[in-house]
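Spelled out, the chains give:
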Amino acid sequence: MIIMVNFEQITNSVWSNTEDETFSHVAFVKLNNCLVFIDSGYYPKVIEKARKEAEKITGLPVKYLIITHHHGDHVLGNQFFEDCQIISTKKTFDILDNLVKTRWSDDNLEKTRKENPKEFDILKVVLPNKSFVGEYEIIDDTLSLKIFQTDGHTSGSCFVYFPEERIIIAGDLLFSEQVPYFGDETTDPYLWLEAYKQMIDLNPVKVIPGHGPMTDIEQVKIQLQYLEDCINWMEDYVKSGRKKEDLDAIIDFPMLDYDKYDDFDEFFKLSKDRTYDVVKEKHKH
Ligand SMILES: [Zn+2]
């Protein structure tokens, strides 16, 4: 099996893969003396290759890995960064720490290794070794990289900003040219809106999304409007006393005119249901 990762140079110091080899995108930023890798993708063997490729392209070692949130397609390559500082928010750490005792227990991982040996025979879950609350900054001589915790897509979600070149690496706070997934049991669309506003205030020249094509702030504005539409729709629905069970049959819930991803119907149902729960909770008296 030939394992390939194609990194595209986005700016002078930032690279990202733009296809689906890692399922969600991974990126890296070149600072003065080292690389910072962002997210570790889904398929372990591909990530092993990706790290080597990044170090080959730049001639610099990876010293940090930032995990934008806890979803499997962003963390399952962590085992290849055990010599690095692996950074996440405290909330993301806590969720991952719980997952290794439940869904990702040794028994369950063993099952996955056996069922999908081609992709996952070396599967192992490694936790972050550095966590923070709010903001974090990596400084390397004259350059720095900032991490902002916003929550939103998940409890603990954060995005990365490289001020020198005004690039945002959004993780799944941005699904580019796709309907976002907002069905995690910790998704908060209200906080997600605030994350978009914070990104817009930074006025980045480019935004690297967690999924979908490379993009810019115009796509963030489209997604901001979309989430606002979803919240407004659901606030009306909840205020009129309609029931969660009846959401399945609803056909006028807001929708973006983009291609649908795998298992869209299932994920979109989760998204609608979660929005209902959050809106209901917010408006209960
Ligand atoms: Zn995600």
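Residues numbered from 1 in each chain as written. Predicted model: local features only at pLDDT ≥ 70, side-chain atom pairs only at ≥ 80, totals over all residues. Heavy atoms only, no water.

Q: Even after reading the chapter, I still don't get the sheet that holds strand 4 (residues 35-38), so can you show me in this structure?
A: Strand pairs in the sheet, formed through backbone hydrogen bonds, run parallel or antiparallel to each other. Strand order in this open sheet of 7 strands is 1-2-3-4-5-6-7, and the pairing throughout is mixed. The strands lining the two open edges of the sheet, one partner per strand, are strand 1 (7-9) and strand 7 (130-132). In this sheet, adjacent strand axes meet at a mean angle of 25° when their direction is disregarded. Each of strand 1, strand 2 (14-17), strand 3 (27-30), strand 4 and strand 5 (62-66) is contacted by helix 1 (residues 44-58), which is oriented at about 145° to strand 4, the strand it contacts most. Each of strand 6 (85-89) and strand 7 is contacted by helix 3 (residues 90-99), which is oriented at about 100° to strand 6, the strand it contacts most. (Pairing = 2+ DSSP bridges. Helix = DSSP H or I, 4+ residues; strand = E, 2+ residues; numbered from the N terminus. Axes fitted to C-alpha atoms, helices over the stretch in contact; angles between N-to-C directions. Contact = heavy atoms within 4.5 Å.)

Q: How do you make sense of the coordination of the zinc ion when you look at a structure like this?
A: Ideal geometry at a metal centre: 109.5 degrees between donors when four sit tetrahedrally, and 90 or 180 degrees when six sit octahedrally. In the first shell of the zinc ion, the protein supplies His69 (NE2), His71 (ND1), His153 (NE2) and Asp172 (OD), at 2.1 to 2.2 Å from the metal. Around the zinc ion sit 4 donor atoms; with metal-centred angles ranging over 93 to 160°, the donor geometry is irregular. On the accessibility criterion, His153 (0% relative accessible area) is buried. Overall, the relative accessible area of 2% leaves Asp172 in the buried class. (Donors = N, O, S within 2.8 Å, 3.2 Å for Na, K, Ca; no water. Tetrahedral: all angles 85-135°; square planar, octahedral: opposite > 155°, others 65-115°. Buried < 20%, exposed > 50% of the residue type's maximum accessible area, 1.4 Å probe, protein only.)

Q: Any chance you could explain the pairing of strand 2 here in plain terms?
A: Working note: regular strand, side chains alternate between the two faces of the sheet. In strand 2, alternate side chains face the same way, and those of Val14 and Ser16 on one face and Trp15 and Asn17 on the other are all buried. The pairing of strand 1 with strand 2 spans 3 bridges and is antiparallel. Opposite Gln9, over in strand 2, you have Trp15 as the bridge partner. Counted between consecutive antiparallel strands, the loop separating strand 1 from strand 2 contains 4 residues. As paired strands, strand 2 and strand 3 are joined by 3 bridges and run antiparallel to one another. Within the sheet, the bridge partner assigned to Trp15 lies in strand 3 and is Phe28.

Q: Help me understand the nonpolar core, please; the structure alone is not making it clear to me.
A: Nonpolar side chains tend to gather and get buried jointly when the protein is soluble and globular. Counting 39 residues, the largest nonpolar core has Phe182, Tyr196, Met199, Tyr226, Met234 and Phe253 as the members making the most contacts within it. Counting residues per element, the ones that place at least two in this core are strand 10 (158-162), strand 11 (167-175), helix 6 (189-202), helix 7 (217-239) and helix 8 (264-282). Here the element with the most residues in this core is helix 7; it accounts for 11 residues. When near neighbours in sequence (up to four residues on either side) are disregarded, Tyr196 contacts Leu173, Leu174, Val220, Gln223, Leu224 and Leu227. Core analysis: the second largest hydrophobic core is formed by 29 residues, Phe28, Ala54, Val62 and Leu96 among them. (Core = buried A, V, L, I, M, F, W, Y, C linked by side-chain atoms within 4.5 Å.)

Q: Explanation requested: unusual backbone geometry in the structure shown.
A: When glycine is set aside, most residues are seen to have a negative phi, and most peptide bonds are trans. With a phi close to 75°, Phe23 is a non-glycine residue in the positive phi region. Residue position: Phe23 is located in the loop between strand 2 and strand 3.

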